[in-house]
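For reference, the chains in residue letters:
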Amino acid sequence: MSALGAGPDREYDAVVVGAGFAGLYMLHRLRGMGLTARVYEVGDDVGGTWYWNRYPGARCDVDSLEYSYQFSEELQQEWEWTERYATQPEILRYVNHVADRFDLRRDIDFETRVELATFDEEAKRWRVTTSRGAASARFVIMATGCLSSANTPDFAGRESFAGETLHTGQWPHQGVDFTGKRVGIIGTGSSAIQSIPLIAAEAKHLFVFQRTANYSIPAHNQPLDAEVVAAIKADYAGFRAQNRLMQAGFGARAPRNMEQGALDVDAEQRQSMYEARWQHGGLAFLGAFNDLLSSREANETSASFVRAKIRELVDDPEVAELLSPKNVIGCKRMCVDSGYYRTFNRSNVSLVDVRASPIEEITASGLRTGAAEYALDCIVFATGFDAMTGALLKIDIRGRCGRRLREKWAEGPRTFLGLQTAGFPNLFTITGPGSPSVLTNMLPSIEQHVDFIAECIDHMRTRGATVVEPAEWAEDEWVSHVNETAGATLLPTCNSWYLGANIPGKARVFMPYLGFPAYVEKCEAVVENGYEGFEFG
Ligand code: NA7
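These notes cover the structure that comes with them.

Before going further, it helps to examine the packing of helix α14 (residues 442-463) against helix α16 (residues 516-528). The N-to-C vectors of α14 and α16 enclose an angle of 5°; their axes lie 12 Å apart at closest approach. Relative to α16, the element α14 lies roughly parallel. Residues Pro444, Ser445, Gln448, His449 and Phe452 of α14 form the contact with α16, whose own contacting residues are Phe516, Tyr519, Val520, Cys523 and Val527. Looking at side-chain class alone, the contact of α14 with α16 contains seven nonpolar, three polar and no charged residues.

To continue, consider unusual backbone geometry. As a rule of thumb, non-glycine residues mostly have phi less than zero, and peptide bonds are mostly trans rather than cis. For His220, which is not glycine, the phi dihedral falls at a positive 45°. One can find His220 in the loop between β10 (216-218) and α6 (226-234). The phi dihedral of Asn426 is positive, around 60°, even though this residue is not glycine. In this fold, Asn426 is placed in the loop between α13 (405-408) and β18 (427-429).

Bringing the pattern of salt bridges into the picture now. According to the stated counting rule, one finds 31 salt bridges in the structure shown. Residue Arg105 is joined to Asp100 by a salt bridge in which the shortest nitrogen-to-oxygen separation is 2.9 Å. Accessibility expressed as a relative area gives 26% for Arg105, which makes it partly exposed. Measuring nitrogen to oxygen at the nearest pair gives 2.7 Å for the salt bridge that ties Asp396 to Arg398.

The next point concerns the sheet that holds strand β14 (residues 366-369). In spatial order, the strands read β13-β14-β15; together these three strands make up an open sheet with antiparallel pairing. Here the strands that pair on one side only, and so sit at the sheet edges, are β13 (359-362) and β15 (373-375). Each adjacent strand pair in this sheet contributes to an overall mean axis angle of 20°, direction not counted. Note that β13 and β14 share three bridges and pair antiparallel. Note that in β14 the partner of Ile359 across the bridge is Thr369.

Once that is clear, we can look at the state of the cysteines. A full pass over the atoms with the stated rule returns one disulfide. Here Cys331 engages in a disulfide with Cys494; their sulfurs sit 1.9 Å apart. Disulfide Cys331-Cys494: the torsion about the S-S bond is 135°, which places it as right-handed. Note that Cys331 is positioned in the loop between α10 (317-323) and β11 (335-337) and Cys494 in the loop between α15 (472-487) and α16, a separation of 163 residues in sequence. This pair shows no difference in class: Cys331 is buried, exactly as Cys494 is. The closest cysteine sulfur to the non-disulfide-bonded Cys146 is located on Cys60, 13 Å from its own sulfur.

When you line up the elements, Ala134 lands in strand β6 (residues 133-142). Overall, Ala134 belongs to the buried group, its relative accessible area being 13%. When the C-alpha positions of Ala134 and Arg10 are compared, they lie 7.0 Å apart, and in sequence the two are 124 residues distant.

Position of Asn348 among the secondary structure elements: in the loop between α11 (340-343) and β12 (349-353). For Asn348, the residues in contact, after removing those within four places along its chain, are Ala200, Ala203, Lys204, His205 and Leu206.

Along the polypeptide, Glu321 turns up in helix α10. A sequence separation of 14 residues divides Glu321 from Arg307, and the C-alpha atoms of the two residues are 8.3 Å apart.

Take the pairing of strand β8 (residues 182-186) next. Burial within β8 is extensive, with four of its five residues counted as buried. By the bridge criterion, five bridges tie β8 to strand β9 (residues 205-210) in an arrangement that is parallel. Residue pairing for β9: Ile186 is matched across the bridge by Phe209. This β-α-β element, β8 to helix α5 (residues 190-202) to β9, shows right-handed connectivity. Inspection of the sheet shows β8 paired to strand β16 (residues 378-381) by four bridges, in the parallel sense. Of the residues in β16, the one forming a bridge with Gly184 is Ile379.

The next subject is the packing of aromatic side chains. Evaluation of the coordinates by the stated rule reveals 38 aromatic pairs. With centroids separated by 6.2 Å and ring planes inclined at 25°, the aromatic side chains of Phe155 and Phe381 adopt a geometry described as stacked. Residue Phe155 is found in the loop between β6 and β7 (164-167), and its partner Phe381 is found in strand β16; the two are separated by 226 residues along the sequence. Through a chain of ring-to-ring contacts, the aromatic side chains of Phe21, Tyr25, Trp50, Tyr67, Tyr69, Phe71, Trp79, Trp81, Tyr94 and Phe102 assemble into a single cluster.

About the cut-offs
- Residues numbered from 1 in each chain as written.
- Predicted model: local features only at pLDDT ≥ 70, side-chain atom pairs only at ≥ 80, totals over all residues.
- Heavy atoms only, no water.
- Axes fitted to C-alpha atoms, helices over the stretch in contact; angles between N-to-C directions.
- Helix = DSSP H or I, 4+ residues; strand = E, 2+ residues; numbered from the N terminus.
- Parallel < 35°, antiparallel > 145°, perpendicular 65-115°, else oblique.
- Contact = heavy atoms within 4.5 Å.
- Nonpolar A, V, L, I, M, F, W, Y, C, P; charged D, E, K, R; others polar.
- Salt bridge = Lys/Arg side-chain N within 4 Å of Asp/Glu carboxyl O.
- Buried < 20%, exposed > 50% of the residue type's maximum accessible area, 1.4 Å probe, protein only.
- Pairing = 2+ DSSP bridges.
- Disulfide = S-S within 2.5 Å.
- Right-handed = clockwise from strand over helix to strand, strands pointing away.
- Phe/Tyr/Trp six-rings, centres within 6.5 Å; stacked < 30°, edge-to-face > 60°.

Spelled out as structure tokens, the structure:
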């Protein structure tokens with residue numbers, strides 16, 4: 001690790017912020033183009049999201065054979081995943097392997113936080129100020145992740161708690177022993193749903209503070225079948241190409257039915273379609289019919305199927321009712337679990353409804369809701385993230401005329417293709433708001449963006465341009481298109497983090513773009529038309 005130290009700014013062609021999957025591949029591409037690049041990373045090692053999210057049970061909800069890089073055929077052939085869904089430790093081992101295999105660490109400054117980035121209009125360069133000094137670069141590429149800025153609600157008395165406070169997205173590296181402890185977990189999103197069964201198995205008592213019930217589909221995780229792996233590896237490129245055609249960029253091998261709507265078949269057929277997908281497990285559940293995210297009536301058939309499953313799995317009918325979500329299925333990110341609902345049959349687990357009686361205060365000895373007080377030794381915040389814009393806007397980014405990105409995005413993020421924002425030349429965002437990102441398998445989305453950015457920079461070299469930024473009209477059109485696309489579905493109908501609705505005061509704007517194949521096609525058309533919508537100078 002090299003410290004920046006005092007003295008004149010170091011000069012690079014590009015500064016990359018973040019050493020997760022996006023930052024690492026970006027560095028690899030930039031190096032391959034003969035450019036000088038420096039990566040700044042807050043953590044003391046690589047991995048990004050998978051470096052921070054070490055809570056018990058943390059696992060990816062996309063199949064491991066798909067949630068991996070495809071830019072190197074050797075890499076995808078030599079790496080051996082062990083399970084259908086990889087655990088966080090396995091993914092972290094993979095990221096470390098990639099960093100070593102491509103000798104990436106020597107261009108990364110760890111434990112370095114980027115605080116300020118200012119565009120110098122005269123020099124047409126960015127000055128990047130970090131916690132350890134400053135650098136100057138032609139390009140700044142934000143690889144800051146979509147779910148990387150942890151959200152801890154500002155409950156009254158939070159600081160007074162005498163026990164241990166944890167956040168799933170900032171889990172201690174040495175792990176946590178819950179044995180004999182009274183534990184409270186706030187939140188029932190993906191992180192809570194994965195960790196609750198494991199915490200419950202250890203703790204003396206676990207109180208689950210639920211504001212909104214969530215739909216979860218069983219993972220049916222299992223060791224990978226050697227024959228399946230061999231078949232995929234025999235034509236990995238073909239497998240990736242099939243996945244690229246999927247709406248979410250993954251799941252080509254999972255059962256799906258794009259030909260029928262849920263109401264095109266009778267109740268018995270519908271039931272057996274849902275049952276087959278429930279038995280298959282995972283996010284493919286919503287592929288049962290083609291209208292589950294566009295028709296409320298169709299959606300309700302799959303939602304009520306899952307509610308019936310919850311009633312089967314949970315012994316106490318009152319608990320089952322409280323665990324049954326009322327909103328549209330799929331409008332919040334679906335969860336994938338291993339034994340979540342059954343955990344509520346344990347005598348040491350209590351479900352607390354904090355919708356009916358919200359959390360009023362954290363006290364020295366625990367937590368108080370409008371209805372009761374809970375004595376706790378440990379509080380786990382599984383309260384999610386300031387998604388998609390949080391990590392970006394933590395950095396004070398100033399573009400042309402000193403304009404701050406925080407100001408420009410006060411009413412919601414505005415980008416062209418989720419890649420750039422007008423008035424901030426040579427600033428790129430990998431899987432930024434306005435791109436498919438969190439509605440897809442992140443890995444192919446990251447690679448597609450990194451490749452686009454690398455080729456755009458290369459294009460600039462060929463035509464002798466020093467700056468690139470989107471035209472206002474292109475940005476306006478794209479923002480409208482992103483909203484219209486989401487508005488044609490049921491996705492904006494509940495308070496999800498896709499809409500920023502989980503963060504008090506955040507503008508309610510649907511941030512990701514729905515549809516990976518259409519998005520890739522659009523990007524390709526932009527390039528074919530001479531980077532139409534981008535302005536070079
Ligand atoms: P999520 O999915 O955002 O879940 C956060 C949970 O925390 C959710 O149940 C929230 O309830 C709850 N929450 C947040 N603030 C509060 C307050 N103030 N009071 C009570 N409960 C609260 O985050 P995860 O980390 O689980 O998952 C993030 C993504 O990571 C996931 O989608 C996967 O893509 C991987 P709410 O629903 O807002 O009522």
